[in-house]
Amino acid sequence: MKKQRESQCTQKTISLLSPLGTIQVSGCENGVHTIQILMDVAPAERSGEAPLSCVVNDSLAETSPELQRCVEWLQAYFSEPQTTGSLPLPAFHHPALQGDSFTSHVLQVLLRDVTCGKTVSYKRLAEMAGNPRAVRAVGGAMSRNPVPLLIPCHRVISSTGQTGPYINNKGNHLKEWLLTHERQRGED
């Protein structure tokens, strides 16, 4: 029954121009399904003076309130990431974030407990999720995160302090950019 209801979603995709390149947000009236960072350009150079922007490429007309909330959250994140902790998150409507799976649990723990400007190791996140031996499974959960940025898998790093992989090892430079962005904006 659940799968049937999900297949009946009428999804809309919104494109945003961000400092990371194009971001596509897909969702329905029930919530956000996915966020994809297309990596079509190199990340913007950081300047401590002017806030960065995230501009909507498409019309927001006939967009669900949840997608609009997601766009507003992303715009706030790129201009002042420290303010996002006080903003409401959109609802999530993706199977990986529903139910009692380990992936869903780990992503919820990450979202709840690792705030902007902070990092956590894969090992520590496994401990926080209640299974200290599940370090590899935590890494797998990060790679299956359907809504990066909203659920901050970029904040999960190796125990040695190295950033580790991001977006299937193709976006490691974006992970470093995001961590620097959060640290720099937090110092302003």
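Values in this document were obtained by computation on a predicted structure and should not be read as measured data.

**Comments concerning the environment of valine 32**
- Tracing the chain through its elements places valine 32 in strand S3 (residues 31-37).
- By relative accessible area, valine 32 is classed as buried at 0%.
- Note: C-alpha distance between valine 32 and glutamate 72 (40 residues apart in sequence) is 13 Å.

**Brief notes about the layout of surface pockets**
- The calculated volume of the largest pocket comes to roughly 430 Å³.
- When the residues that make up the lining of the largest pocket are grouped by side-chain class, the tally is 11 nonpolar, 6 polar and 1 charged.
- Put simply, the second largest pocket is a space of about 190 Å³.
- If you trace the second largest pocket, you find 14 residues lining it, with Trp73, Thr84, Gly85, Leu111 and Arg155 closest to the centre.

**Here we look at the sheet that holds S3**
- Pairing within the open sheet is antiparallel, and its 4 strands lie in the order S3-S2-S1-S4. Each of the sheet's edge strands pairs with one partner strand only, and the pair in question is S3 and strand S4 (55-56).
- Bridge count for strand S1 (residues 12-18) against S4 is 2 bridges, and the pairing is antiparallel. Across the sheet, residue leucine 16 finds its bridge partner in S4, namely valine 56.
- In the packing of helix H2 (residues 65-79) onto the sheet, the strands contacted are S1, strand S2 (21-28), S3 and S4, and the crossing angle to S2 comes to about 155 degrees.

**Concerning the environment of valine 109**
- For valine 109, the position within the fold is in helix H3 (residues 102-113).
- The exposure class assigned to valine 109 is buried, which follows from its relative accessible area of 1%.
- Separated by 17 residues in the primary sequence, valine 109 and alanine 126 place their C-alpha atoms 9.6 Å from one another.
- Other than its neighbours up to four places away in sequence, valine 109 contacts Val114, Leu125, Met128 and Ala129.

Rules and cut-offs
- Residues numbered from 1 in each chain as written.
- Predicted model: local features only at pLDDT ≥ 70, side-chain atom pairs only at ≥ 80, totals over all residues.
- Heavy atoms only, no water.
- Helix = DSSP H or I, 4+ residues; strand = E, 2+ residues; numbered from the N terminus.
- Buried < 20%, exposed > 50% of the residue type's maximum accessible area, 1.4 Å probe, protein only.
- 1 Å grid on protein atoms, 1.4 Å probe; cavity = no way out; pocket = protein on both sides within 12 Å on 5 of 7 lines; lining within 4 Å.
- Points joined across faces, edges and corners; volume = space filled by probe spheres on them.
- Nonpolar A, V, L, I, M, F, W, Y, C, P; charged D, E, K, R; others polar.
- Pairing = 2+ DSSP bridges.
- Contact = heavy atoms within 4.5 Å.
- Axes fitted to C-alpha atoms, helices over the stretch in contact; angles between N-to-C directions.

That's the geometry; what it means functionally is another story.
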